[in-house]
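Descriptive analysis of the structure
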Amino acid sequence: MTRVFSGIQPTGEPHIGNYFGAMRNYVRLGEQHGENAIYCIVDLHAPTNPHAYDPATLSRLTFDMALANMAVGLDPGKVIFFVQSQVREHSELGWIFTLTTPVGELERMTQYKDKASRLESTPAGLLMYPVLQAADILLYKADTVPVGEDQVQHIELTREIARRFNHSYGDTFPEPKAVLEQGALRVPGVDGHGKMGKSKGESSTIGLLESVGSIWAKLRPAPTDPARVRRTDPGNPEICLVGDYHRLFSDDQTVLEIWDGCRTAGIGCIDCKKRLMVGIERELTPIQARAEALRATPDAVLGGLHHGAERARTIAAPVMDEVRSKMGFLGASAGR
Ligand code: AMP
Ligand code: TRP
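A quick note: this is a predicted structure, and the numbers were derived from the prediction, not measured.

Neighbouring residues of ligand 2: 13 residues in total, closest Gly7, Tyr129, Gln133, Asp136 and Gln151. Take Tyr129: an N or O atom from its side chain is 2.8 Å from a nitrogen atom of ligand 2. Note that a nitrogen atom of ligand 2 is positioned 2.9 Å from one of the side-chain N or O atoms of Gln133. Bound to the protein, ligand 2 loses 89% of the 360 Å² it would expose on its own. Among the elements that take part in the shell around ligand 2, helix 6 (residues 124–138) stands out by supplying 4 residues, more than any other.

Ile16, Tyr39, Phe81, Tyr245, Phe249 and Ile280 are the most contacted members of the largest nonpolar core, which has 52 residues in total. Looking at which domains feed residues into this core, each of domain 1 (4–186 + 298–334) and domain 2 (210–292) gives three or more. Residues in contact with Phe81, not counting those within four places in the same chain, are Ile8, Tyr39, Ile41, Ala66, Asn69, Met70, Leu74, Gly304, Leu305 and Gly308. Core analysis: the next-biggest nonpolar cluster, separate from the first, contains 39 residues, Ala134, Ile137, Leu138 and Val319 among them.

Turning to the side chain of Glu210, a few remarks are in order. Summarising the element assignment, Glu210 is placed in the loop between strand 5 (177–179) and helix 8 (212–219). Looking at Glu210, its side chain comes within polar contact range of the side chain of Lys218, at 3.0 Å. In this structure, Glu210 is in contact with Glu13, Thr205, Ile215, Lys218 and Gln288, ignoring residues within four places of it in sequence.

One pass over the structure, following the stated rule, counts 18 salt bridges. Residues Glu92 and Arg324 are paired through a salt bridge, measuring 2.8 Å at the closest nitrogen-oxygen approach. One end of the pair, Glu92, is in helix 3 (residues 89–98); the other, Arg324, is in helix 12 (residues 298–327), with 232 residues separating them in the sequence. Arg275 is the partner of Glu257 in a salt bridge, and the nearest nitrogen-oxygen pair spans 3.0 Å. Taken as a pair, Glu257 in helix 10 (residues 252–263) and Arg275 in helix 11 (residues 269–296) lie far apart in primary sequence, 18 residues in all. Given a relative accessible area of 31%, Arg275 falls into the partly exposed group. A single salt-bridge network, built from bridges that share partners, covers Glu156, Arg159, Arg163 and Glu175.

The rules behind the values
Residues numbered from 1 in each chain as written. Chains lettered and ligands numbered in written order. Predicted model: local features only at pLDDT ≥ 70, side-chain atom pairs only at ≥ 80, totals over all residues. Heavy atoms only, no water. Near = heavy atom within 4 Å. Polar contact = N/O pair within 3.5 Å; in protein donor to acceptor, adjacent residues only side chain to side chain. Areas by Shrake-Rupley, 256 points an atom, 1.4 Å probe, with all protein chains shown as cover. Helix = DSSP H or I, 4+ residues; strand = E, 2+ residues; numbered from the N terminus. Core = buried A, V, L, I, M, F, W, Y, C linked by side-chain atoms within 4.5 Å. Buried < 20%, exposed > 50% of the residue type's maximum accessible area, 1.4 Å probe, protein only. Domains from an automatic or database assignment. Contact = heavy atoms within 4.5 Å. Salt bridge = Lys/Arg side-chain N within 4 Å of Asp/Glu carboxyl O.

Given below as structure tokens:
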């Protein structure tokens, strides 16, 4: 049996890079694995980033991330979808794992080094972050973790933490594997500067819930193949940002027409972008309509998350009992 687990940072409004690179895969894996697909909005991790210190901001970001994933098709009635802080066992297992994880291993984590180097004072939570992440995964004995490339090192550490626990206390946890999307889809930023990313600001991103007018305002001036100086110059859609987006949003026939039109200068860049807008609208309009409906019924979102937390607890509580009992905490086998 496969059990999938992934954690989603509540980082605000997701963009189409998140959608194609992550959110759509969660939905697909959810359709395959049902309740064995477990997705958690990791709000306990979030305040390691200064943007989530403010309480009102943290709860808004958490809610918005839940809403966006539900709008894309993550169904809390089918998969297990919940908020980390609502299942206390995450913190407890996180602490257990800090007991034996060498500080040296944590200090070697690339993400830690990168984040810590930009801070004057490093919170211990930033160092412990991957230990809590290991607890997230192992609490459900998950074996499959869909993540981006940057998280592979954390999953390796999770395997070591599982191995160490199993060695000390007997076979308990599987050693989970990271699964990267084949061909590691990488959506470029609309400003033409590398990968689309939140840290690069609004000029780089196309928000999943952004209005068509606002998307067009970014797409219209977006750079295309620099060889196309004049309308009559042929171009190469393989090296054009708009070509990349067509591959994501347009049907096969349109892609063929665009490829041919660009190479023969049969279509200008503005018309090519207008054709792209048709595909963008077709993909995003239903998602945005569902998001609006969910925003009008916040209790449905919160109810879905509570249901998810209850389902999660039915898996997490017995695993925690097993851990307490194996470690010799007095009275543990009697449960709570
Ligand atoms: P982040 O927004 O960086 O926290 O990433 C959340 C998820 O979205 C991760 O699984 C990333 O791999 C994925 N992701 C973020 N930006 C992109 C992008 N430009 N192209 C493809 N996937 C992305
Ligand atoms: N660290 C992950 C990120 O930055 C989020 C995360 C937390 C996670 N716990 C997890 C991902 C468990 C996979 C499994 O994106």
